[in-house]
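Here are the chains, one letter per residue:
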Amino acid sequence: MQKFISLNQIDEIAQKIKSQISIQPIAGIILGSGLNGLADSVADAVYIPYSDLPNFPVSTVHGHVGRFVIGKLEDKPVMVMQGRIHYYEGYTMGECTLPVRVMQRLNIPSLIVTNAAGGVNPDFSPGDVMLITDQLNLMGMSGLNPLMGPNLDEIGPRFPDMSQPYDKVLCDLTRKVAKENGIGLQEGVYAGLSGPSFESPADLRFLRLIGVDAVGMSTVPEVIVARHGNMRALGLSGISNKANLDGSTITTHEEVIEAGKVITPKIEKIIRGVLRGL
């Protein structure tokens, strides 16, 4: 039987973090595979490894450092997750989204979530950045919704609205920042799958048929939990590989990490510009 995370457990972690920092972050930032570099430029940083927090899940994937970095970016106080928690690592959906719950109890109003994603849209190329305008919760449709179990009434309603998962004002600000920096910005729908196996050609043809532009193994549960607690959400996908619709190429995690080196500077410029505009 699945064990659900209580408000007391969330608050215990939040209080431990609060005791170690002297700033109030205005944004939480989750960094995806190959995108960890942004955390290294946080000023006046306080580092809190996940392993130092009570009953907190630890990242097990190569490329995910596994710690909170709290400090300033563009002189704005932020809480950065250098490495995220994935369902495929064997954690529950509650554990995967626990960091977002902790951010909510720390009164952080906005969430910027990034990921490495496969480009399903044939017009996308590796190295592109996609603004996520909507999401497809394929994990949740098959019963893996992070809000299953007792509702945390202190945080949000039993049946939260998901008509606007990504904040329109933050999306507009992102478009403006990308244009000012000469960064070509793709836009589209992100589908969240459980992983860890990459998609088959038939999977990808199905996803394209139903209107998906990029696919990955994260983000969707985090944004559902963010919206449940009324956090504003902004999502950015780094397109790390082109969809293998005919089975002619092989996708590897190393390829995803390598693509991150091209994508990270673009996403960093966008996030810095968005923070300046908050």
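Everything numeric here is computed off the predicted structure, so don't read it as measured data. (Residues numbered from 1 in each chain as written. Predicted model: local features only at pLDDT ≥ 70, side-chain atom pairs only at ≥ 80, totals over all residues. Heavy atoms only, no water.)

Chemist: Any details on the nonpolar core? Residues and values, ideally.
Modeler: With 73 residues, the main nonpolar core has Ile 17, Ile 29, Phe 68, Val 102 and Met 103 as its most contacted residues. Formed by eight residues, the second largest nonpolar core is a distinct cluster that contains Val 120, Leu 136, Ala 191 and Leu 193. (Core = buried A, V, L, I, M, F, W, Y, C linked by side-chain atoms within 4.5 Å. Buried < 20%, exposed > 50% of the residue type's maximum accessible area, 1.4 Å probe, protein only.)

Chemist: An account of the pairing of strand 1 (residues 27–31) is needed here, citing residue identities and associated values.
Modeler: Summarising burial for strand 1: five of the five residues are buried, a large majority. Burial of strand 1 is two-sided: the residues Ala 27, Ile 29 and Leu 31 facing one way and the residues Gly 28 and Ile 30 facing the other way are all buried. Bridge count for strand 1 against strand 4 (residues 76–82) is five bridges, and the pairing is parallel. Considered in strand 4, the bridge of Ala 27 is made with Val 78. As paired strands, strand 1 and strand 5 (residues 110–119) are joined by four bridges and run parallel to one another. Along strand 5, the bridge assignment pairs Gly 28 with Leu 111. (Helix = DSSP H or I, 4+ residues; strand = E, 2+ residues; numbered from the N terminus. Pairing = 2+ DSSP bridges.)

Chemist: Any details on the packing of helix 5 (residues 168–180) against helix 8 (residues 253–277)? Residues and values, ideally.
Modeler: In contact at an axis separation of 9 Å, helix 5 and helix 8 are set at 120° when each is read in the N-to-C sense. Comparing their axes, helix 8 and helix 5 come out oblique. Considering only the axes of helix 5 and helix 8, their crossing is right-handed. On helix 8, the residues that touch Leu 170, Leu 173, Thr 174 and Val 177 of helix 5 are Lys 269, Ile 270, Gly 273, Val 274 and Gly 277. (Axes fitted to C-alpha atoms, helices over the stretch in contact; angles between N-to-C directions. Parallel < 35°, antiparallel > 145°, perpendicular 65-115°, else oblique. Left-handed = near helix turned anticlockwise from the far one by under 90°. Contact = heavy atoms within 4.5 Å.)

Chemist: Got a sec to walk through a nonpolar patch on the surface? Specific residues and values, please.
Modeler: Taken together, the side chains of Phe 206, Leu 209 and Ile 210 define a hydrophobic patch exposed on the protein surface, amounting to about 330 Å² of accessible area. By the element assignment, Leu 209 lies in helix 6 (residues 201–209). (Patch = residues over 30% accessible without salt bridge, like charges linked within 9 Å, V, L, I, M, F, W, Y side chains within 5 Å. Areas by Shrake-Rupley, 256 points an atom, 1.4 Å probe, with all protein chains shown as cover. Salt bridge = Lys/Arg side-chain N within 4 Å of Asp/Glu carboxyl O.)

Chemist: I'd like a description of the environment of Thr 60, backed by residues and values.
Modeler: Mapped onto the secondary structure, Thr 60 falls in the loop between strand 2 (43–49) and strand 3 (67–73). Thr 60 sits in the exposed class, given a relative accessible area of 56%. Note: C-alpha distance between Thr 60 and Gly 37 (23 residues apart in sequence) is 18 Å. Excluding residues that lie within four positions of it along the chain, Thr 60 makes contacts with Glu 89 and Tyr 91.

Chemist: So what's going on with the pattern of salt bridges? Residues and values would help.
Modeler: Taken as a whole, this structure holds ten salt bridges when the rule is applied. Between Arg 272 and Glu 74 there is a salt bridge whose closest N-O contact spans 2.7 Å. One end of the pair, Arg 272, is in helix 8; the other, Glu 74, is in the loop between strand 3 and strand 4, with 198 residues separating them in the sequence. Its relative accessible area of 28% is what places Glu 74 among the partly exposed residues. Among the ionic pairs, Asp 167 bridges to Arg 232, the shortest N-O distance being 3.2 Å. On the criterion of sequence distance, the pair formed by Asp 167 in the loop between helix 4 (138–141) and helix 5 and Arg 232 in strand 9 (residues 232–242) is long-range, its members being 65 residues apart. Taken together, the salt bridges that share partners define one network made up of Glu 74, Glu 268, Arg 272 and Arg 276.

Chemist: Please give an account of the packing of aromatic side chains that cites residues and values.
Modeler: Within the structure shown, the criterion is met by three aromatic pairs. Ring geometry for Phe 56 versus Phe 68: centroids 5.6 Å apart, planes at 65°, classification edge-to-face. In this pair, Phe 56 sits in the loop between strand 2 and strand 3 while Phe 68 sits in strand 3, placing the two residues twelve residues apart along the sequence. An identical accessibility class is assigned to Phe 56 and Phe 68; each is buried. Ring pairs connect the aromatic residues Tyr 50, Phe 56 and Phe 68, which therefore count as one cluster. (Phe/Tyr/Trp six-rings, centres within 6.5 Å; stacked < 30°, edge-to-face > 60°.)

Chemist: How would you explain the pairing of strand 4 if you had to name every residue and give the values?
Modeler: The buried count for strand 4 comes to seven of seven residues, which makes it a mostly enclosed element. Of the two faces of strand 4, the one lined by Lys 76, Val 78, Val 80 and Gln 82 and the one lined by Pro 77, Met 79 and Met 81 are each fully buried. Here strand 3 runs beside strand 4; their pairing, made up of seven bridges, is antiparallel. If you follow Arg 67 over to strand 4, its bridge partner there is Gln 82. Following strand 3, the chain reverses through two residues before pairing antiparallel with strand 4; Glu 74 in that reversal takes a positive phi of roughly 55°.

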